[in-house]
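One-letter residues, chain by chain:
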Amino acid sequence: MMTDRDEEFMRAALVEAKKALGRTSPNPAVGAVLVIDNCIVAKGHHREAGGAHAEIDCLRDFGAPIPADATLYVTLEPCSTAGRTAPCTEAIIRAGLKNVVIGATDLNPRHSGKGIGHLRNAGVVVRAGILADECNRLNEAFNKWIVTGRPFVIAKCGMSLDGRLTRPTGEPRWITGRDARRDAHRLRARVDAVLVGAETVRADNPRLTVRGVRAARQPWRVVLTRSCRLPRRAHLFSDKFAARTLVYRRRRLSSVLRDLGKRGITGVLIEGGGEVLGEALAKRLIDKVQIYFGPILTGGPMVAFPGAGAGKTAEALRLRDVRYRRIGESIRITAYPEVQPHE
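About the thresholds
Residues numbered from 1 in each chain as written. Predicted model: local features only at pLDDT ≥ 70, side-chain atom pairs only at ≥ 80, totals over all residues. Heavy atoms only, no water. 1 Å grid on protein atoms, 1.4 Å probe; cavity = no way out; pocket = protein on both sides within 12 Å on 5 of 7 lines; lining within 4 Å. Points joined across faces, edges and corners; volume = space filled by probe spheres on them. Nonpolar A, V, L, I, M, F, W, Y, C, P; charged D, E, K, R; others polar. Buried < 20%, exposed > 50% of the residue type's maximum accessible area, 1.4 Å probe, protein only. Helix = DSSP H or I, 4+ residues; strand = E, 2+ residues; numbered from the N terminus. Contact = heavy atoms within 4.5 Å. Phe/Tyr/Trp six-rings, centres within 6.5 Å; stacked < 30°, edge-to-face > 60°. Pairing = 2+ DSSP bridges. Axes fitted to C-alpha atoms, helices over the stretch in contact; angles between N-to-C directions. Patch = residues over 30% accessible without salt bridge, like charges linked within 9 Å, V, L, I, M, F, W, Y side chains within 5 Å. Areas by Shrake-Rupley, 256 points an atom, 1.4 Å probe, with all protein chains shown as cover. Salt bridge = Lys/Arg side-chain N within 4 Å of Asp/Glu carboxyl O. Parallel < 35°, antiparallel > 145°, perpendicular 65-115°, else oblique. Left-handed = near helix turned anticlockwise from the far one by under 90°. Polar contact = N/O pair within 3.5 Å; in protein donor to acceptor, adjacent residues only side chain to side chain. Right-handed = clockwise from strand over helix to strand, strands pointing away.

A. Summary view of the layout of surface pockets. Reported here for the second largest pocket is a volume of approximately 1000 Å³. If you go around the second largest pocket, you meet 41 residues; those closest to its centre are Leu21, Arg137, Glu140, Arg190 and Lys288. Classifying every residue of the lining of the second largest pocket by side-chain character gives 15 nonpolar, nine polar and 17 charged.

B. Molecular detail of helix H7 (residues 178–188). Buried within H7 we find Ala180, Asp183, Ala184, His185, Leu187 and Arg188. Where H7 is buried, its residues touch strand E6 (152–159), strand E7 (193–197), strand E10 (267–272), strand E11 (288–293), strand E12 (319–327) and strand E13 (330–337).

C. View of the packing of aromatic side chains. A complete count under the given rule lists two aromatic pairs for this structure. Seen from their ring centres, Phe142 and Trp145 are 6.4 Å apart, and the 50° between their planes marks the pair as tilted. Residue Phe142 and its partner Trp145 are located together in helix H6 (residues 140–148), separated by three residues, close to a single helical turn. On the basis of relative accessibility, which here comes to 8%, the residue Phe142 falls in the buried class.

D. Broad picture of the sheet that holds strand E8 (residues 220–225). Strand order in the open sheet formed by eight strands is E9-E8-E7-E10-E6-E11-E13-E12, with mixed pairing between adjacent strands. Edge positions in the sheet fall to strand E9 (245–249) and E12, since each has one partner strand and no second. Each adjacent strand pair in this sheet contributes to an overall mean axis angle of 20°, direction not counted. Here E8 runs beside E9; their pairing, made up of five bridges, is parallel. Of the residues in E9, the one forming a bridge with Val222 is Leu246. The strands touched by H7 within the sheet are E6, E7, E10, E11, E12 and E13, with E11 carrying the most contacts at an inclination of about 160°. On top of the sheet, helix H11 (residues 274–282) reaches E6, E7, E8 and E10; it is set at about 130° to E10, its chief contact.

E. Representation of a nonpolar patch on the surface in the model. A contiguous nonpolar patch, built from Leu319, Val322, Tyr324 and Ile331 and spanning about 360 Å² of accessible area, is present on the exposed surface. Here the element with the most residues in the nonpolar patch is E12; it accounts for three residues.

F. Layout of the pattern of salt bridges. Per the counting criterion, the structure on display carries 22 salt bridges. For Arg5, the salt bridge is made with Glu8, and the minimal N-O distance between the two is 3.2 Å. With Arg5 and Glu8 both in helix H1 (residues 4–18), this residue pair falls three residues apart, about one helical turn. For Lys144, the salt bridge identified is with Asp287, shortest N-O distance 2.7 Å. Of this pair, Lys144 sits in helix H6 while Asp287 sits in the loop between H11 and E11, and the two are 143 residues apart along the sequence.

G. How the structure looks around the packing of helix H2 (residues 54–62) against helix H3 (residues 88–95). H3 packs onto H2 with a crossing angle of 30° between their chain directions and a minimal axis gap of 9 Å. Relative to H3, H2 is oriented roughly parallel. In this structure, the crossing between H2 and H3 has a hand that is left-handed. Residues Glu55, Ile56 and Leu59 of H2 pack against Cys88, Ala91, Ile92 and Ala95 of H3. For the contact of H2 with H3, the residue count by class is six nonpolar, no polar and one charged.

H. A look at the side chain of Gln218. Looking at the element boundaries, Gln218 is found in the loop between helix H8 (198–204) and E8. A polar contact of 2.8 Å, which involves the side chain of Gln218, links it to the backbone nitrogen of Val210.

I. Spatial organisation of the side chain of Asn108. Position of Asn108 among the secondary structure elements: in the loop between strand E4 (99–104) and helix H4 (114–121). Dropping the residues within four chain positions of it, Asn108 is found in contact with Phe142 and Ile146.

J. Region of interest: the pairing of E7. Summarising burial for E7: five of the five residues are buried, a large majority. Of the two faces of E7, both are covered, the one formed by Ala193, Leu195 and Gly197 as well as the one formed by Val194 and Val196. Where E7 meets E8, five bridges bridge the pair, whose relative direction is parallel. Bridge pairing in E8 links Val194 to Arg221. Crossover handedness for the path E7 to H8 to E8: right-handed. Where E7 and E10 come together, four bridges link them in parallel fashion. Across the sheet, Val194 pairs through a bridge with Leu269, a residue of E10.

Written as structure tokens, this is what we have:
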């Protein structure tokens, strides 16, 4: 049974985990807090792949012998196998912890359930599933990648109220406001790669970098092209992050995503153009959408998701967990496609 205190302390652990969101890949983001007498006495989080895991960081923060009544709250099941670091379960047992509360079970087949079993076999009282949905949502990209080998795909765009990606020729470039664009940069900071089509490179010469976000890790830039005719002086090929630009020639989007997964890329943000977004929709490759609506009607030439479309409304891709947020004068919609019965 989850108590109000359990929820309070697990939310504190989630706050810790979010401190490094976007910087731990291909590892999940994890946070932990140590509680004694209903007070948080130490905190920790996993900062980067190869670094100390959240549990270890938290125990180091406490820096003293662990009393018998202490409880460790951790957002993800502690690992029980050695990788770039030693097993966290061994460190927990060695520290003398007798109570551990876990948010989500690790979906990694190497670890799933084994960490909980290891702790219980050592006499540790373990409770799992506290705020499990929120803990899993935090690592939605890692969870898909570790199970399927394919990255989690977010379709993102800024569009007018009439569903257009572009203004009429010669008009100012931006459809959404500055605050919405800043929010989109925070989204970029949380993925491993940003993907666009060649026409977007030719028309907009985008940088696809993270700007205005402190301590952000720059994502890979991925370009899809059929003709292979790309401007050599484009920012993607000439700036200081040029070595982090990948070009795929004459490859289907599904094939590109499989290859990116093999490279350890867990999350991909598709930013355009319309042709790539349309292919992602038609092939049902989208795991999440994040769309920004600007308060304008443009009549521009490029619709956001072009293609043949659904033959009838019943065949349309429906969305669940839809969330709306006003950002300045723009509206952000975040949602997840429903899994179709035949898929």
